[in-house]
Amino acid sequence: MNLPELFRTAPAVFAVEDEYQIFVPVSAECLMWVEINGECYYDDSNGILRSHTTLHRMAVPCRVLDDAGEYTLCYRKVIERKPYFPETEEVVRHRFCFRPVQGDRIRIFHIADAHSRVESPILAAQTMEGNIDLLVLNGDIPDHSGKLENFDAIYRLCAEITQGRIPCVFSRGNHDTRGTYAENIAEYTPTRHGKPYFTFHVGKLWGLVLDCGEDKDDSHAEYGHTVCCHAFRKRETEYLKQVAQTREYRRYPYKIVIVHKPFTYVQKPPFDIEQDIYKEWCDILRNEIHPDLMLSGHLHRTAVWMPGCPEDHLGQPCPVIVGAKPLPKGEDGRAGFIGAAITLEAGRTTVQFVDDKKNILEEIQF
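The sections below set out a description of the structure shown in this document. (Residues numbered from 1 in each chain as written. Predicted model: local features only at pLDDT ≥ 70, side-chain atom pairs only at ≥ 80, totals over all residues. Heavy atoms only, no water.)

## A short note on the overall build of the protein chain
Phase 1: Tallying secondary structure elements over the protein chain gives 5 helices and 22 strands in all.
Phase 2: By the compact-globule yardstick of 21 Å for 366 residues, the protein chain fits well, its C-alpha radius of gyration being 20 Å.
Phase 3: Taken along its principal axes, the extent of the C-alpha atoms in the protein chain is 65 × 50 × 45 Å.
Phase 4: Of all 366 residues assigned to the protein chain, the portion counted as buried reaches 55%.
Phase 5: Carbon together with sulfur atoms contributes 45% to the accessible area of the protein chain, which is approximately 16100 Å² in total. (Helix = DSSP H or I, 4+ residues; strand = E, 2+ residues; numbered from the N terminus. Rg over C-alpha atoms; globule rule 2.2 N^0.38 Å. Buried < 20%, exposed > 50% of the residue type's maximum accessible area, 1.4 Å probe, protein only. Areas by Shrake-Rupley, 256 points an atom, 1.4 Å probe, with all protein chains shown as cover.)

Here's what the structure looks like:
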């Protein structure tokens, strides 16, 4: 794909509630907006076009982009942003095709726990030969948030796999909460008013993104008094109750939960936290929302757990797909990766665990 020199990668189109948040990493200061059918959607701060950033974000209603099937990214490079009579270059436009999720068959590729791997997850995704409707990045994509450039892994994956042409969903993982820039991750990833838990819908699919925060008690020495995830989870519980009351999910044939940590499974100490809260989440999902499946990572393994299985400790509301496994370096010096290709179709779910050598390691249907 031929991109403007200013773009560090192709755009990423993330689904959040009723909108797409289009992110574009750039290498120089510029003003940016999206044009669709003559309407402009700006990256602005209360009416002021943003330029002092390396990552632009424009929000577009889902229905608008779905109907148009294309969008045009527009920018003006900033020469000097003076208080009076600032100088900018002429407008540059670059058009992108967009394919919304359509029809009764939905094909998802799931990546979690990449831990800064980029090449091997891309190769694993190529097993689907471009037949992906939705890309899910489900936590721990960078190894940590200690460096700002670590977030580049998110956009490199989106760019190479989607080229800005299909929707993505992003979910935060526990390693994303660690490091100097962990407090800023909401500025570099899609959120709902700054919150990393939200609903979304694409085509006939309704989804709920949840966020467990860290995986040990807040007082654990590893965190050095820098987290308050218990209070965060309590606020999220109230949000989950609100989602259950809306009943909006009833309008969609497919319903999924995306969450980095498979919270229905209780790990050994010190990872056995928040069982009361996670039990409440399970009860709300099982009794009210009735999701078809849950997508998770975190455990660095691949598995499908059905309700009532030995790993079901808190009352699974649905099958749980644990769908990511980072691998050590091979003979070629590249760290490998196993991801999950999921197809939803006519009341049947097909899960394929695939590696970066394009091998289908296991196929499960339910």
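## Focus: the layout of surface pockets
Phase 1: In this model, the largest pocket occupies a volume close to 560 Å³.
Phase 2: Forming the boundary of the largest pocket are 25 residues, of which Arg172, Thr177, Ala182, Glu183 and Ile185 lie nearest the centre.
Phase 3: Among the elements of the structure, β13 (167-171) and α4 (229-246) are those that each provide at least two residues to the lining of the largest pocket.
Phase 4: Per-element tally for the lining of the largest pocket: the top contributor is α4, with 3 residues.
Phase 5: A class-by-class count of the residues in the lining of the largest pocket yields 11 nonpolar, 8 polar and 6 charged. (1 Å grid on protein atoms, 1.4 Å probe; cavity = no way out; pocket = protein on both sides within 12 Å on 5 of 7 lines; lining within 4 Å. Points joined across faces, edges and corners; volume = space filled by probe spheres on them. Nonpolar A, V, L, I, M, F, W, Y, C, P; charged D, E, K, R; others polar.)

## So, helix α3 (residues 152-162)
Residues lying three or four places apart along an α-helix face the same way, a consequence of the helix completing one turn every 3.6 residues.
Phase 1: For α3, a buried count of 8 out of 11 residues is recorded, marking the element as mostly surrounded by other parts of the structure.
Phase 2: Restricting attention to buried positions, one finds in α3 the residues Ala153, Ile154, Tyr155, Leu157, Cys158, Ala159, Ile161 and Thr162.
Phase 3: Just beyond α3, the residue with positive phi is Gln163, at close to 55 degrees.

## Things to note about unusual backbone geometry
Phase 1: Of the consecutive residues Pro269 and Pro270, the connecting peptide bond is found in the cis state with omega at 5 degrees.
Phase 2: If you trace the backbone, Pro270 turns up in the loop between β16 (254-258) and α5 (275-289).
Phase 3: Despite not being glycine, Arg247 shows a phi value in the positive range, around 65 degrees.
Phase 4: Position of Arg247 among the secondary structure elements: in the loop between α4 and β16.
Phase 5: Although it is not a glycine, His300 adopts a positive phi angle of roughly 55 degrees.
Phase 6: Looking at the element boundaries, His300 is found in the loop between β17 (293-296) and β18 (301-305).

## Observations concerning the nonpolar core
Phase 1: Membership of the largest hydrophobic core comes to 80 residues, with the highest contact counts inside it found for Tyr71, Leu73, Ile108, Phe200, Leu205 and Phe263.
Phase 2: Looking at this core element by element, the count peaks at 7 residues for α5.
Phase 3: Discounting residues that sit within four places of it in the chain, Phe200 has contacts with Ala15, Val16, Glu17, Leu134, Val169, Leu205, Trp206, Gly207, Leu208, Val209, Ile256 and Ile258.
Phase 4: Counting 33 residues, the second largest nonpolar core, distinct from the first, contains Ile122, Leu137, Cys158 and Ile185. (Core = buried A, V, L, I, M, F, W, Y, C linked by side-chain atoms within 4.5 Å. Contact = heavy atoms within 4.5 Å.)

## Some words on the pattern of salt bridges
Phase 1: A full pass over the atoms with the stated rule returns 23 salt bridges.
Phase 2: Lys204 is paired through a salt bridge with Asp104; the nearest N and O atoms lie 2.4 Å apart. Taken together, the positions of Lys204 in the loop between β14 (198-202) and β15 (205-209) and Asp104 in the loop between β10 (92-97) and β11 (106-111) put the pair 100 residues apart, joining distant regions of the chain.
Phase 3: Lys204 sits in the partly exposed class, given a relative accessible area of 34%.
Phase 4: Members of the salt-bridge network, linked through shared partners, are Arg178, Glu214, Asp215, Lys216 and Glu222. (Salt bridge = Lys/Arg side-chain N within 4 Å of Asp/Glu carboxyl O.)

## Details of the environment of Arg250
Phase 1: Within the fold, Arg250 resides in the loop between α4 and β16.
Phase 2: Residue classification places Arg250 among the exposed residues on the basis of a relative accessible area of 59%.
Phase 3: A sequence separation of 134 residues divides Arg250 from Ser116, and the C-alpha atoms of the two residues are 37 Å apart.

## Re the environment of Glu29
Phase 1: By secondary structure assignment, the location of Glu29 is in the loop between β2 (19-25) and β3 (30-36).
Phase 2: Separated by 22 residues in the primary sequence, Glu29 and Ser51 have C-alpha atoms spaced 5.1 Å apart.
Phase 3: Excluding residues within four positions of it along the chain, Glu29 makes contact with Ser51, His52, Lys77 and Val78.

## Digging into the packing of aromatic side chains
Aromatic ring pairs are reported here in terms of the distance separating the ring centres and the angle at which the planes meet.
Phase 1: Applying the stated rule across the entire model yields 15 aromatic pairs.
Phase 2: A ring pair is formed by Tyr20 and Phe98, whose centres lie 5.2 Å apart and whose planes are at 65 degrees; its orientation type is edge-to-face. In this pair, Tyr20 sits in strand β2 while Phe98 sits in the loop between β10 and β11, placing the two residues 78 residues apart along the sequence.
Phase 3: Residue Phe98 is classed as buried on the basis of its relative accessible area of 6%.
Phase 4: Seen in terms of ring centroids, Trp33 and Tyr42 are 6.1 Å apart; in terms of plane orientation they differ by 45 degrees. Their pairing is tilted. (Phe/Tyr/Trp six-rings, centres within 6.5 Å; stacked < 30°, edge-to-face > 60°.)

## Quick notes on the side chain of Asn174
Phase 1: Tracing the sequence through the fold places Asn174 in the loop between β13 and β14.
Phase 2: Judged by relative accessible area, Asn174 falls into the buried class, the value being 3%.
Phase 3: Those residues within four positions of Asn174 in sequence are excluded, and the remaining contacts are Asp140, Gly213, Glu214, Asp215, His260 and His298.

## With respect to the packing of α4 against α5
Phase 1: It is the contact of α4 with α5, at a shortest axis distance of 11 Å, that shows an interaxial angle of 10 degrees. Considering their axes alone, α4 and α5 lie roughly parallel with respect to each other. Contacts between α4 and α5 involve His230, Arg233, Lys234, Glu236, Thr237, Leu240, Lys241, Val243 and Ala244 on the former and, on the latter, Ile277, Tyr278, Glu280, Trp281, Ile284, Leu285, Glu288 and Ile289.
Phase 2: Split into classes, the residues belonging to the contact of α4 with α5 amount to 9 nonpolar, 2 polar and 6 charged. (Axes fitted to C-alpha atoms, helices over the stretch in contact; angles between N-to-C directions. Parallel < 35°, antiparallel > 145°, perpendicular 65-115°, else oblique.)

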